[in-house]
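Descriptive analysis of the structure
The residues making up each chain are set out below.
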Amino acid sequence: RAAIAVAQGWQLARGVKLLGISSAECLAAQAQGIFGRVNVVIDAQRGEFYLATWEISAAARAEIAPLKIVTAAEIAARKNAGEICAGPAAEPVLFPSAGMLARLAAARTNFVAGEKLEPVYLREVNFVKSPPSRIF
């Protein structure tokens, strides 16, 4: 959310072009030398993980399953089944690179207006309102 706010400010002040690229896509692009079906795994806290599945070859990469939230048990089951898991929360460990993000952005033309950029929320937002304080 903070990065989107900064980008929107830049667009207002400097007229720069904006587009959104997911961290999972950046990680898939960085999986150099890892080919086949690759599960990108990112820690989502609360004992859960963000998971996106990509098909990666030397010439191209394609998202097979979009980002979703899964349990640690699902990640373990995929690893036990021999599937490749990579990312900040898996082996091999990968972290998003600013250089790779720049290369991905340079290859795009699908720019959007700042007000159209929105964060992607995979969890339902639920707030619990505390009861009013009681004075004795």
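Refer to the structure presented above.
Criteria and cut-off values
Note on numbering: residues in each chain are counted from 1, in written sequence order. At least 70 in pLDDT is required for a residue's local features to be given in this predicted model, at least 80 for side-chain atom pairs to be given and counted, and no such filter applies to totals for whole chains, interfaces and linings, which use all residues. Each side-chain value is derived from all of the structure's non-hydrogen atoms; neither hydrogens nor water enter the calculation. Each helix is a run of H or I in the DSSP string that is no shorter than four residues. Each strand is a run of E no shorter than two, and both are numbered from the N terminus. In a helix, the anticipated span is given by 1.5 Å times the number of residues less one. Residue burial is assigned from relative accessible area. The probe radius is 1.4 Å, only protein chains are included, and a residue is buried under 20% of its type maximum, exposed over 50%, and partly exposed in between. Contact between two residues is taken to exist if any of their heavy atoms lie within 4.5 Å; hydrogens are not considered. Between any two strands, pairing holds if DSSP finds at least two bridges. In this description, a line fitted to the C-alpha atoms serves as the axis of each element, helices being fitted only across the stretch in contact, and the angle between N-to-C directions of two axes falls anywhere from 0 to 180 degrees.

Here the focus is helix 1 (residues 2–14). Here helix 1 contains 13 residues, and its C-alpha end-to-end distance of 18 Å stays within 8% of the 18 Å for a straight helix at 1.5 Å per residue. One or two positions beyond helix 1, positive phi appears at G15, with a value near 75°.

What follows covers the side chain of R78. Following the sequence through the fold, R78 ends up in helix 3 (residues 72–80). Here R78 falls in the buried class, since its relative accessible area comes to 16%. Sequence-distant contacts of R78, that is, excluding residues within four places in its chain, are made with N39, L51, T53, K68, E83 and C85.

On to the sheet that holds strand 4 (residues 84–86). Sheet architecture is open: four strands sit in the order 3-2-1-4, paired in mixed fashion. A single partner strand is all that each edge strand has here, and the edge strands are strand 3 (61–71) and strand 4. Adjacent strand axes in the sheet meet at a mean angle of 25°, parallel and antiparallel pairs treated alike. Along the sheet, helix 3 makes contact with strand 1 (36–45), strand 2 (48–56), strand 3 and strand 4, crossing strand 3 at roughly 135°.

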